[in-house]
Amino acid sequence: MSVEKRQYYFDQSKGMGIIVKTVTRLTVGIVFLFGINVALKGHLVPGGGVAGGGAIALALLSLILAFGKETALKNINRKRITMIATLGMMMFLFLGLIGLIGGNLFSTHFMDNEGKFGILKANIIPLFNIAICLLVGSGVYTIFITLIMLQVRKGSDK
Amino acid sequence: MLEIPLLIIVPLLGVFLIVAVARKRSPVAGIISILAICLIIYLYKNVLCAIANSGSIVYEIGGWSMPEGINLIVDGLAVFMLGIVYFISFLCLLYSIAYMKNSFDKWKYYTLFLLLMSGISGVVLAGDIFTLFVFLEISAIASYALVSISLEGGALYGAFGYMRMGMISSVLILLGIAISYNYLSTLSIADVSLQLGIRNQAGNMLLNNNIVIIFISLLFLTGFALKVGLVPFHFWVVDAHAFAPAPVVMMLSALIMPVLGIYPMLRIFFNMVGITPRLLSLMMIMGILSMIIGALFSLREKNIKRFLSYNCISELGFVVLGIGIGTKLAIAGAFLHMISHAISSSLLYASAGAMDYARKHSDEKNIDITFKTMPLTKGASVIGALSVIGIPPFNGFWSKMIIITAAWIAGYKGNCLIIVIVLILNAVSFLKIQTAGMVRGDKKKSDFAALEVPFLMRLCMIILVCFSLFSGILWLSSAREAFLDPAVKLISQKHSYSQHILWK
């Protein structure tokens with residue numbers, strides 16, 4: 001742990017207590033991976049982009065709750081997260097537009113069904129899931145960031 | 001038909017481009033949105049040519065066929081509505097480029113505008129009710145944000161009221177969709193109609209007395225009447241109109257309220273569930289109530305935007321009354337009135353917005369100042385008022401005359417009387433507002449600095465005035481056959497829609 005990180009970690013004025021911080025530090029990665037897992041296996045088992053994106057957003061939110069908004073917003077700020085959301089939307093749209101090539105219909109399954117990788121066996125549905133996962137995760141996080149920022153602004157006015 | 005999905009995709013692409021490129025350079029945002037809308041109009045022209053040959057086109061997204069997949073359907077009614085939408089929104093965009101020149105975050109405005117365009121196109125093109133609901137929500141959320149874009153207290157208040165009522169209506173519509181899906185196991189509009197017809201023929205269900213169908217119909221009627229702002233549900237309309245910027249109000253009154261409310265009502269009641277006499281009379285009562293109450297409340301208003309919003313409720317009441325009468329002529333009149341309402345209300349709001357732009361006030365006592373220095377705005381306002389009252393050369397006369405004639409032929413002679421009384425009330429209230437501008441104020445023109453609105457706003461008003469003068473042409477036989485008759489035919493013939501779509 002670097003000096004700066006240690007400072008955040010033991011600083012009682014920012015975020016919650018040290019127990020919560022430790023537990024969050026241990027669980028955040030697991031929740032994040034679980035979200036990715038749910039999103040990537042969406043075409044095989046119940047789940048998909050929205051559920052996975054929600055899990056990822058909740059992982060990020062628990063970071064905000066445990067470590068305080070300054071610490072979290074310093075690492076994942078609003079501009080970056082908006083760009084990720086735009087990336088997700090663009091990815092979805094262009095996956096649909098690729099289907100148009102060759103006179104096909106919008107969002108046609110343009111790949112061969114015998115994909116080499118297991119994940120691509122459902123054609124473009126996993127890719128759609130990834131796009132939705134990016135979009136939902138960053139979107140939910142953006143909503144919470146906006147609420148927090150409004151609160152900060154209101155507090156500073158007083 | 002490549003063009004059909006592109007009608008939805010092109011504005012979305014514009015949204016992403018603006019977010020990615022034009023956040024720091026706001027003139028670029030305006031250029032991108034103008035380009036997007038020009039491209040859409042070009043695509044729409046192609047769709048129009050294709051529809052003239054084949055009658056209706058089904059676009060299967062991803063190649064999934066009709067009852068199961070998501071489908072976009074273009075037919076007479078959709079082409080008719082899209083025509084109004086693209087014409088008015090192009091003018092609104094021209095207007096807003098001049099109007100929003102000095103506002104703070106322009107790229108946000110253009111982003112929301114294009115998102116709204118995409119949502120409205122989706123609502124009109126959707127072939128199943130759930131897709132329709134999704135696009136309804138997209139455009140509704142974009143319009144909540146657009147109403148509150150100035151972030152003033154009044155605008156936030158109005159947008160919050162609008163959002164509250166919009167959310168209630170969305171919940172009701174979603175409940176209706178869920179119940180109908182549970183009952184019939186299908187979401188496609190044509191397929192629901194077909195399944196209901198099959199069950200009706202098999203005799204295990206009487207369409208008029210089936211409690212589920214009545215419940216679904218009432219849910220949809222309430223939900224969409226909330227979106228239109230018909231009278232028992234009109235509380236959000238005035239506050240939402242009062243503080244929003246003028247181009248947003250133009251969109252709200254001319255497009256968002258009819259397209260998000262009346263168009264899905266037509267699709268669901270006439271093409272999906274099947275209309276019954278009871279529903280028709282319910283719609284007629286709502287139309288009459290909103291006509292009378294809108295006209296009465298507009299008498300006491302002093303702020304122009306609030307006055308015009310009550311007037312807008314009254315005008316949309318005419319459309320719903322025409323639909324409620326239910327004969328072919330009445331529905332044609334209602335469609336014509338939808339066009340004429342779009343033109344005249346956007347003309348009135350454009351002139352009110354020009355005064356706003358010049359004065360930053362729109363109280364009645366201040367009208368004379370702007371009227372004296374802005375002859376074009378004055379002319380536009382007068383012509384819009386004449387059109388709403390129903391003076392012959394202007395567009396309002398033709399549509400109202402057709403609705404009155406249809407009501408007389410169908411035997412609703414009391415309704416004709418009510419329409420005439422409402423027109424007299426409209427005339428009184430407009431005279432009150434206009435005379436306040438013309439007679440009062442003995443200051444000379446030279447007392448005021450010349451307050452000219454920018455060229456684009458003037459151009460927009462001139463175009464609207466021209467269309468207001470000449471839109472009676474639409475009732476001539478050739479134009480009517482091309483534009484109005486396919487839409488009317490689709491509504492008035494009960495089972496033609498599902499047969500047309502499913503056995504293509």
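If you're wondering where the values come from, they're calculated on a predicted model, not measured in any experiment.

**With respect to the overall build of chain A**
Link 1 in the chain: Counting secondary structure elements, chain A contains six helices and zero strands.
Link 2 in the chain: Here chain A, with 158 residues, has 33% of them falling under the buried criterion.
Link 3 in the chain: For chain A, restricting intrachain contacts to residue pairs at least 6 apart in sequence, the fraction spanning at least 24 positions comes to 64%.
Link 4 in the chain: Carbon together with sulfur atoms contributes 69% to the accessible area of chain A, which is approximately 9600 Å² in total.

**Topic: helix H10 (residues 246-273) of chain B**
Since one α-helical turn is 3.6 residues long, residues separated by three or four positions face the same way.
Residue and element names in this part refer to chain B.
Link 1 in the chain: Helix geometry: H10 is bent most strongly at Leu252, by close to 40°.
Link 2 in the chain: Taking burial as the measure, the 28 residues of H10 include 28 buried ones, the bulk of the element.
Link 3 in the chain: Downstream of H10 by one or two residues, Gly274 has phi in the positive range, about 95°.

**A short note on the pattern of salt bridges**
Residues and elements named next belong to chain B.
Link 1 in the chain: Inspection of the entire model under this criterion finds five salt bridges over all chains.
Link 2 in the chain: Between Asp239 and Arg306 there is a salt bridge whose closest N-O contact spans 3.6 Å. On the criterion of sequence distance, the pair formed by Asp239 in helix H9 (residues 235-243) and Arg306 in helix H12 (residues 304-325) is long-range, its members being 67 residues apart.
Link 3 in the chain: Asp239 sits in the partly exposed class, given a relative accessible area of 25%.
Link 4 in the chain: A relative accessible area of 24% places Arg306 in the partly exposed class.
Link 5 in the chain: The shortest N-O distance in the salt bridge between Glu315 and Lys400 comes to 3.1 Å. Taken together, the positions of Glu315 in helix H12 and Lys400 in helix H16 (residues 395-410) put the pair 85 residues apart, joining distant regions of the chain.

**Focus: the packing of helix H5 (residues 78-98) of chain A against helix H1 (residues 3-21) of chain B**
Link 1 in the chain: Close contact between H5(A) and H1(B) brings their axes to 11 Å; oriented N to C, the two are set at 145°. Judged by the twist between their axes, the crossing of H5(A) over H1(B) is left-handed. Two secondary-structure elements touch here, H5(A) through A:Thr86, A:Met89, A:Met90, A:Leu93, A:Phe94 and A:Leu97 and H1(B) through B:Ile9, B:Leu12, B:Leu13, B:Phe16 and B:Val19.
Link 2 in the chain: Each residue belonging to the contact of H5(A) with H1(B) can be placed in one class, and the counts come to ten nonpolar, one polar and no charged.

**Thoughts on the interface of chain B and chain A**
Link 1 in the chain: Counting residues at the interface gives 15 residues for chain B, matched by 15 residues for chain A.
Link 2 in the chain: A buried area of about 1300 Å², summed over both sides, lies between chain B and chain A, and 80% of it is on carbon and sulfur atoms.
Link 3 in the chain: There are zero salt bridges connecting chain B and chain A.
Link 4 in the chain: Taken together, the connections running from chain B to chain A amount to two residue pairs in polar contact (both at pLDDT 80 or more).
Link 5 in the chain: Looking at the side of chain B that touches chain A, the elements with two or more residues in it are H1 and strand S1 (57-60) of chain B.
Link 6 in the chain: If you tally residues by element for the side of chain B that touches chain A, the top one is H1(B), at six residues.
Link 7 in the chain: A class-by-class count of the residues in the side of chain B that touches chain A yields ten nonpolar, two polar and three charged.

**As for the pairing of strand S2 (residues 71-74) of chain B**
Residue and element names in this part refer to chain B.
Link 1 in the chain: The side-chain alternation of S2 yields two buried faces, one formed by Asn71 and Ile73 and the other by Leu72 and Val74.
Link 2 in the chain: By the bridge criterion, four bridges tie S1 to S2 in an arrangement that is antiparallel. Its bridge partner being in S2, Ile57 is matched across the sheet by Val74.

**Here's the deal with the environment of B:Val134**
Link 1 in the chain: Position of B:Val134 relative to the elements: it lies in helix H5 (residues 129-147).
Link 2 in the chain: As for B:Val134 and B:Gly119, which are separated by 15 residues in sequence, their C-alpha atoms are 8.5 Å apart.

**Thoughts on the nonpolar core**
All names here are of chain B.
Link 1 in the chain: In terms of nonpolar packing, the biggest core is built from 178 residues, with Tyr95, Phe220, Ile262, Met265, Phe269, Phe270 and Phe335 touching the most fellow members.
Link 2 in the chain: For this core, the leading source of residues is H10, giving 21 residues.
Link 3 in the chain: Each residue touching Phe269, except ones within four places of it in the same chain, is listed here: Ser217, Phe220, Leu221, Gly274, Ile275, Leu279 and Met283.
Link 4 in the chain: Formed by 16 residues, the second largest nonpolar core is a distinct cluster that contains Met291, Ile325, Ala330 and Ala407.

**Here we look at the environment of B:His234**
Residue and element names in this part refer to chain B.
Link 1 in the chain: Note that His234 resides in the loop between helix H8 (211-228) and H9.
Link 2 in the chain: Note on His234: relative accessible area 11%, which makes it buried.
Link 3 in the chain: Along the primary structure His234 and Gly294 are separated by 60 residues, whereas in three dimensions their C-alpha atoms are 9.2 Å apart.
Link 4 in the chain: Residues contacting His234, with those up to four places away along its chain left out, are Gly229, Tyr310 and Ile313.

**Things to note about unusual backbone geometry**
Residue and element names in this part refer to chain B.
Link 1 in the chain: Although it is not a glycine, Leu151 adopts a positive phi angle of roughly 60°.
Link 2 in the chain: The topology assignment puts Leu151 in the loop between H5 and helix H6 (153-184).
Link 3 in the chain: Although it is not a glycine, Ser185 sits at a positive phi angle of roughly 60°.
Link 4 in the chain: Structurally, Ser185 is set in the loop between H6 and helix H7 (189-202).

**Here's the deal with helix H19 (residues 477-492) of chain B**
All names here are of chain B.
Link 1 in the chain: For H19, with 16 residues, the first-to-last C-alpha span of 19 Å runs short of the 22 Å given by 1.5 Å per residue.
Link 2 in the chain: The largest bend in H19 is about 50°, located at Leu484, with the proline Pro486 one to four residues further on.
Link 3 in the chain: Of all the residues in H19, the buried ones are Leu484, Ala487, Val488, Leu490 and Ile491.

**Observations concerning a nonpolar patch on the surface**
Residues and elements named next belong to chain A.
Link 1 in the chain: A cluster of nonpolar side chains, Met16, Ile18, Ile19, Val20, Val23 and Leu65, forms an exposed patch at the surface whose accessible area comes to about 530 Å².
Link 2 in the chain: Within the element layout of this structure, Ile19 appears in helix H2 (residues 18-40).
Link 3 in the chain: Of the residues examined, Ile19 reaches a relative accessible area of 66% and is grouped as exposed.

**A word on the packing of aromatic side chains**
Residues and elements named next belong to chain B.
Link 1 in the chain: Per the counting criterion, the structure on display carries 16 aromatic pairs over all chains.
Link 2 in the chain: Between Tyr99 and Tyr357, the ring centres sit 5.9 Å apart and the planes meet at 45°, which makes this aromatic pair tilted. Within this pair, whereas Tyr99 is found in helix H3 (residues 76-99), its partner Tyr357 is found in helix H13 (residues 328-359), the two being separated by 258 residues in sequence.
Link 3 in the chain: A residue is classified by how much of its surface remains accessible, and Tyr357, at 23% relative accessible area, is partly exposed.
Link 4 in the chain: Between Phe297 and Tyr310 the ring centres are 5.3 Å apart and the planes differ by 35°, which places this aromatic pair in the tilted class. Residue Phe297 is located in helix H11 (residues 277-299), and its partner Tyr310 is located in helix H12; the two are separated by 13 residues in the primary sequence.
Link 5 in the chain: When the ring centre of Tyr183 is taken as origin, the NZ or CZ atom of Arg199, which lies over that ring, is 5.3 Å away.
Link 6 in the chain: Sitting above the plane of the Phe318 ring, Lys400 keeps its charged end 5.0 Å from the centroid.

**Considerations on the confidence of the model for chain B**
Link 1 in the chain: Predicted confidence across chain B gives a mean pLDDT of 86, with 92% of residues reaching 70 or more.
Link 2 in the chain: When the elements of chain B are averaged for pLDDT, helix H14 (residues 367-373) of chain B gives the smallest value, 61, and H5(B) the largest, 93.

**Here's the deal with the packing of H5(B) against H10(B)**
Residue and element names in this part refer to chain B.
Link 1 in the chain: Close contact between H5 and H10 brings their axes to 11 Å; oriented N to C, the two are set at 165°. Comparing the axis directions of H5 and H10 gives the class roughly antiparallel. The two elements H5 and H10 cross, and the hand of that crossing is left-handed. Residues Ile129, Leu132, Leu136, Ser139, Ala140, Ser143, Leu146 and Val147 of H5 lie in contact with H10, whose contacting residues are Val248, Leu252, Ile256, Leu260, Pro264, Ile268 and Met272.
Link 2 in the chain: Among the residues making up the contact of H5 with H10, the classes are represented as 13 nonpolar, two polar and no charged.

Scoring rules and cut-offs
- Residues numbered from 1 in each chain as written.
- Chains lettered and ligands numbered in written order.
- Predicted model: local features only at pLDDT ≥ 70, side-chain atom pairs only at ≥ 80, totals over all residues.
- Heavy atoms only, no water.
- Helix = DSSP H or I, 4+ residues; strand = E, 2+ residues; numbered from the N terminus.
- Buried < 20%, exposed > 50% of the residue type's maximum accessible area, 1.4 Å probe, protein only.
- Contact = heavy atoms within 4.5 Å.
- Areas by Shrake-Rupley, 256 points an atom, 1.4 Å probe, with all protein chains shown as cover.
- Bend = angle between axes of the 7 residues up to and from the residue.
- Salt bridge = Lys/Arg side-chain N within 4 Å of Asp/Glu carboxyl O.
- Axes fitted to C-alpha atoms, helices over the stretch in contact; angles between N-to-C directions.
- Left-handed = near helix turned anticlockwise from the far one by under 90°.
- Nonpolar A, V, L, I, M, F, W, Y, C, P; charged D, E, K, R; others polar.
- Buried area = accessible area lost by both parts, 1.4 Å probe.
- Polar contact = N/O pair within 3.5 Å; in protein donor to acceptor, adjacent residues only side chain to side chain.
- Pairing = 2+ DSSP bridges.
- Core = buried A, V, L, I, M, F, W, Y, C linked by side-chain atoms within 4.5 Å.
- Expected span 1.5 Å × (residues − 1).
- Patch = residues over 30% accessible without salt bridge, like charges linked within 9 Å, V, L, I, M, F, W, Y side chains within 5 Å.
- Phe/Tyr/Trp six-rings, centres within 6.5 Å; stacked < 30°, edge-to-face > 60°.
- Lys NZ or Arg CZ within 6 Å of the ring centre and 35° of its normal.
- pLDDT = per-residue confidence, 0-100.
- Parallel < 35°, antiparallel > 145°, perpendicular 65-115°, else oblique.

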